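Coordinate analysis (summary)
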Amino acid sequence: MAEINMLQAINDALSIALESNEKSILFGEDVGHFGGVFRATSGLQAKFGRDRCFNTPLTEQGIAGFANGLASNGMVAIAEIQFADYIFPAIDQIVNETAKFRYRSGNEFNVGGVTFRTPYGGGIAGGHYHSQSPEAYFTQTAGLKVVVPRNAYQAKGLLLASIRDKNPVIFFEPKRLYRANIAEVPDEDYEIELGKAEVVRQGTDITLLAWGAQMEIIENAADMAAKKGISCEIIDLRTLAPWDAETVATSVKKTGRLLINHEAPLTGGFAGEISATIQEECFLHLESPIARVCGLDTPYPLIHEKEYMPDALKTFEAIKATVNF
Amino acid sequence: MSNATSDNETVHRVSFLDRESVNIPILKVLQADGTVYDNAVLPAIDEVLAHRIYDTCVFTRVLDERMLGAQRQGRISFYMTCTGEEASIIGSTASLDDGDVILAQYREHAAIRYRGFTTEQFMNQLFSNEKDLGKGRQMPIHYGSAELNYQTVSSPLATQIPQATGVGYSFKMQGKRNIAICYFGEGAASEGDFHAGLNMAAVVKSPTIFFCRNNGYAISTPTSEQFCGNGIASRGPGYGIHTIRVDGNDMLAVLAATQQARAYAVENNAPVLIEAMTYRLGAHSSSDDPSGYRSKDEEAKWQQHDPVKRFKLWMINKGWLTEKQDAEMYEKYRKEVLAELKVAEKLPMAMLDTLIEDVYDTPTPRLQQQLKDLKKHLKKYPDSYPNSKGRL
Ligand SMILES: Cc1ncc(C[n+]2csc(CCOP(=O)(O)OP(=O)(O)O)c2C)c(N)n1
């Protein structure tokens, strides 16, 4: 077991995916010789050749359509979209095609072999075109799985599971943790099951729920709350579609309270869906309204990024308000 | 209306067209030593115009050098240079009317400078301070000015290409003899928006100049992995668009081509495609290191085609410029950029209220509530939010 960062863990997962299945192909803007703008694909072209790891022309629409075509004919397509902010030119291919290939053909054809990897999220002074968290756009599309790892260990296991899943997956990588998160990651091939949340910390007073880069934030907030004598249970959702309502509901039935944190804007964000479901499942167990600590309903700002972020302090305040409701 | 095939010659054996079937000459006017090719036709240029152009070249070089340095010192977060492509940008902008609208990709700050963007305005944007016209919302280099008819840069590539078609068409509908010009890289020309924009422009007859800076790379991706056709120019005739390829490091060739392109667009209410063959001398951006994907030899070779130097030699040959004047210009701009930089970096950020402004024409009740809640929070923890501390 080595201590490596999230980029190295992703690189490792990609290498194993290419090695273990000769039908898998890796492509995207700048991913070839250069290894991608974040270097997630470093060295893979040298190892697997230009036919299996290559630069595409600069067209996300083309990348997504090409991935669909490959997978529809028996290949495993692992495509990088350079920033999640630039997934939108591909939205028709992903939402109308990737997601519905199996359904619309009566399972005559499917593109289960498609995985789109893309760096998402803010906190890097990137302004509104290098900071967005567009996961909710995709959770509303039936037929897609949406996965977000929170650390290097998860990134490797969840990415391998995503690539091998029989359904198309959008894999959002928290770019502000790419180099910051270092963890013990096994050298061998392993998978983390999709669709399962992880209870990261046990607690009794309130359940805190997040995914990806925001996990660090709720953990910090929980530490602050602990000093005030509040015990937080912490859950990492890991997969947003399909999401593990059961694990969340079990926890909320125990603690009686729920706080959801995500970086995307509040309105229409995935926290809304979780709140509604948990309210249905746990109505009689809830001791206070479900709290949402999210981004503001504005485009992602540059200079007021810190103010915009659903950070630990805001989460801490919301924990206190919820517990003292 | 007939389809173009109706008057084509017919053949009775299979024969395919290929890349070589399209032969596109490259317009060159100015030689490396600053003299003009024997039979070249000069663009309309006098000493005043030449000086305005050269002045923009010198400013841009100084700005790029100084601000890349400022980025390295951690004073600004990000920077992109125009280095090597000054002739493409300035030669084309200098051929336009000030009322023509410019839609840039991001590497074309020389164009907004040519229009009169002040050094102070550059610094305000680069430092995202309260005087930035964009209210500090976008990363450095995303300039824009309504007064100068330069639409604010947006990072997603190629989105401005179909928009330019719309801007051009709006001039036609308003009965104005103006055009839109749209700049983009050869990489961005792979996006679907490129096809959408050019095809629509041809069909709706929009007076728009599509100006492709073919500078060899899209981040690390060389043109050989970007397209297999004959550059970008070969696509123009396919859309039914008037097309020309120029030496993008030749100020006079770019000027000549764009002057005529503009005249054609205005007279015929029609688009024109210009492909400028040039080279991105610097890194893609301050976050990039080109040594990982191209050789020093290649860069050195292109240094010899420096467009600014070539134009300078031409001006000296004409007796319009001396080496001494040239050195003084660089000195003047170095001082000016540094002085303005020092002022701009000390100015505060915009007030917090700007966070919810311009999302809609007026902030919605929900946004107002979010701002109110946020202010309450910030007042409780002012030290954790330095940009708004004392500026709520
Ligand atoms: C839609 C979209 N995809 C990806 C990016 C990331 N990106 C920024 S610049 C760039 C390369 C652009 O190359 P080119 O158009 O040739 O212009 P150049 O930088 O060479 O001037 C890429 C891939 C983006 N900004 N927008």
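Residues numbered from 1 in each chain as written. Chains lettered and ligands numbered in written order. Predicted model: local features only at pLDDT ≥ 70, side-chain atom pairs only at ≥ 80, totals over all residues. Heavy atoms only, no water.

Description of the domain arrangement of chain B
- Taken domain by domain, chain B holds domain 1 (47-345) and domain 2 (352-388).
- Domain 1 of chain B and domain 2 of chain B are separated by 36 Å when their C-alpha centres are compared. (Domains from an automatic or database assignment.)

Here we look at the pattern of salt bridges
Residue and element names in this part refer to chain A.
- According to the stated counting rule, one finds 45 salt bridges over all chains in the structure shown.
- We note a salt bridge from Lys156 to Asp12, for which the minimum N-O separation is 2.8 Å. In this pair, Lys156 is assigned in helix 7 (residues 152-164) and Asp12 in helix 1 (residues 6-20), connecting sequence segments 144 residues apart.
- Note that Arg117 is salt-bridged to Glu80, the shortest N-O span being 3.0 Å. (Salt bridge = Lys/Arg side-chain N within 4 Å of Asp/Glu carboxyl O. Helix = DSSP H or I, 4+ residues; strand = E, 2+ residues; numbered from the N terminus.)

Brief notes about the nonpolar core
- Core analysis: the biggest nonpolar cluster contains 87 residues, and Phe27(A), Ile94(A), Phe138(A), Leu237(A), Leu258(A), Ile274(A) and Ile278(A) have the highest contact counts within it.
- Ranked by residues supplied to this core, first place goes to helix 1 of chain A with 9 residues.
- Not counting residues up to four positions away in its chain, the partners in contact with Phe138(A) are Ile87(A), Ile91(A), Ile94(A), Val95(A), Leu144(A), Val146(A), Ile170(A) and Phe172(A).
- Val29(B), Ala104(B), Phe127(B) and Leu341(B) belong to the second largest nonpolar core, which has 73 residues in total. (Core = buried A, V, L, I, M, F, W, Y, C linked by side-chain atoms within 4.5 Å. Buried < 20%, exposed > 50% of the residue type's maximum accessible area, 1.4 Å probe, protein only. Contact = heavy atoms within 4.5 Å.)

A look at the sheet that holds strand 5 (residues 114-120) of chain A
Residue and element names in this part refer to chain A.
- Across the sheet, which stays open at both edges, the 7 strands sit in the order 3-2-4-5-7-6-12 with mixed pairing between neighbours. Edge strands, defined here as strands with exactly one partner in the open sheet, are strand 3 (53-55) and strand 12 (239-241). Strand after strand, the sheet turns through a mean of 20° between neighbouring axes, direction not considered.
- Of the pairings in the sheet, the one linking strand 2 (residues 24-28) to strand 3 comprises 3 bridges and is parallel in character. Bridge pairing in strand 3 places Phe27 opposite Phe54. (Pairing = 2+ DSSP bridges. Axes fitted to C-alpha atoms, helices over the stretch in contact; angles between N-to-C directions.)

Here's the deal with the interface of chain A and chain B
- Each side of the interface is counted separately: chain A has 40 residues, and chain B has 46 residues.
- Interface area for chain A against chain B, summed over the two sides, is near 3,500 Å², with a carbon-plus-sulfur share of 59%.
- Considering only the side of chain A, the residues that lose the most area to chain B are Leu58(A), Ile303(A) and Glu307(A), jointly responsible for 20% of the buried surface there.
- Between the two partners, chain A and chain B, sit 3 salt bridges.
- Across the contact surface, chain A and chain B share 18 residue pairs in polar contact (both at pLDDT 80 or more).
- Residue assignment for the side of chain A that touches chain B shows that the elements contributing at least two residues are helix 3 (60-72), helix 11 (305-308) and helix 12 (312-323) of chain A.
- Among the elements that line the side of chain A that touches chain B, the one with the most residues is helix 12 of chain A, at 5 residues. (Buried area = accessible area lost by both parts, 1.4 Å probe. Polar contact = N/O pair within 3.5 Å; in protein donor to acceptor, adjacent residues only side chain to side chain.)

Structural notes on the packing of helix 8 (residues 214-227) of chain A against helix 12 of chain A
All names here are of chain A.
- One way to put it is that helix 8 packs onto helix 12 with a least axis distance of 8 Å and a crossing angle of 50°. Regarding the angle of helix 8 to helix 12, the classification is oblique. Where helix 8 crosses over helix 12, the handedness of that crossing is right-handed. Contacts between helix 8 and helix 12 involve Ile217, Ile218, Asn220, Ala221, Ala222, Met224 and Ala225 on the former and, on the latter, Ala312, Leu313, Thr315, Phe316 and Ile319.
- Of the residues belonging to the contact of helix 8 with helix 12, the class tally is 10 nonpolar, 2 polar and no charged. (Parallel < 35°, antiparallel > 145°, perpendicular 65-115°, else oblique. Left-handed = near helix turned anticlockwise from the far one by under 90°. Nonpolar A, V, L, I, M, F, W, Y, C, P; charged D, E, K, R; others polar.)

Quick notes on a negative patch on the surface
- On the surface, a cluster of negative charge is made up of Glu246(A), Glu273(A), Glu280(A) and Glu281(A).
- Top contributing element to the negative patch by residue count: helix 10 (residues 270-282) of chain A, with 3 residues. (Patch = residues over 30% accessible without salt bridge, like charges linked within 9 Å, V, L, I, M, F, W, Y side chains within 5 Å. Areas by Shrake-Rupley, 256 points an atom, 1.4 Å probe, with all protein chains shown as cover. Lys, Arg positive; Asp, Glu negative; His and termini not counted. Charge placed at Lys NZ, Arg CZ, Asp CG, Glu CD.)

What to know about the layout of surface pockets
- Volume-wise, the second largest pocket comes out at about 710 Å³.
- Around the second largest pocket sit 20 residues that line it, and Arg292(A), Lys314(A), Ala318(A), Asp373(B) and Leu374(B) are the ones nearest its centre.
- Going through the elements one at a time, strand 14 (291-295) and helix 12 of chain A together with helix 12 (365-380) of chain B are the ones with two or more residues in the lining of the second largest pocket.
- Of the residues forming the lining of the second largest pocket, the biggest block, 8 residues, is contributed by helix 12 of chain B.
- Along the lines of polarity and charge, the residues of the lining of the second largest pocket split into 8 nonpolar, 5 polar and 7 charged. (1 Å grid on protein atoms, 1.4 Å probe; cavity = no way out; pocket = protein on both sides within 12 Å on 5 of 7 lines; lining within 4 Å. Points joined across faces, edges and corners; volume = space filled by probe spheres on them.)

Overview of the site of the ligand
- Surveying the vicinity of the ligand reveals 22 residues, the closest of which are Glu60(A), Tyr106(B), Arg107(B), Arg213(B) and Tyr217(B).
- Mapping the residues adjacent to the ligand onto the chains of the assembly identifies chains A and B.
- Within the side chain of Tyr106(B), a nitrogen or oxygen atom sits 2.5 Å from an oxygen atom of the ligand.
- One of the side-chain N or O atoms of Arg107(B) is found 2.7 Å from an oxygen atom in the ligand.
- When isolated, the ligand has an accessible area of 590 Å², and the protein chains bury 97% of it.
- Its residues assigned to classes, the shell around the ligand shows 9 nonpolar, 7 polar and 6 charged. (Near = heavy atom within 4 Å.)

Some points on helix 2 (residues 86-93) of chain B
- Most of helix 2 of chain B is tucked away: 8 of the 8 residues are buried.
- When we look at burial in helix 2 of chain B, the residues that qualify are Glu86(B), Ala87(B), Ser88(B), Ile89(B), Ile90(B), Gly91(B), Ser92(B) and Thr93(B).

Overview of the environment of Ala136(A)
- On the secondary structure map, Ala136(A) appears in helix 6 (residues 135-139).
- When residues no more than four places from it in sequence are discounted, the contact partners of Ala136(A) are Gly268(A), Gly269(A) and Phe270(A).

Some words on empty space enclosed by the protein
Residue and element names in this part refer to chain A.
- A full pass over the atoms with the stated rule returns 1 cavity of 30 Å³ or more.
- By volume, the largest cavity is sized at about 40 Å³.
- Lining the largest cavity, in full, are Gly35, Gly36, Val37, Phe38, Arg39, Ala40, Glu80, Arg117, Pro119 and Tyr178.
- Class assignment for the residues of the lining of the largest cavity results in 5 nonpolar, 2 polar and 3 charged.

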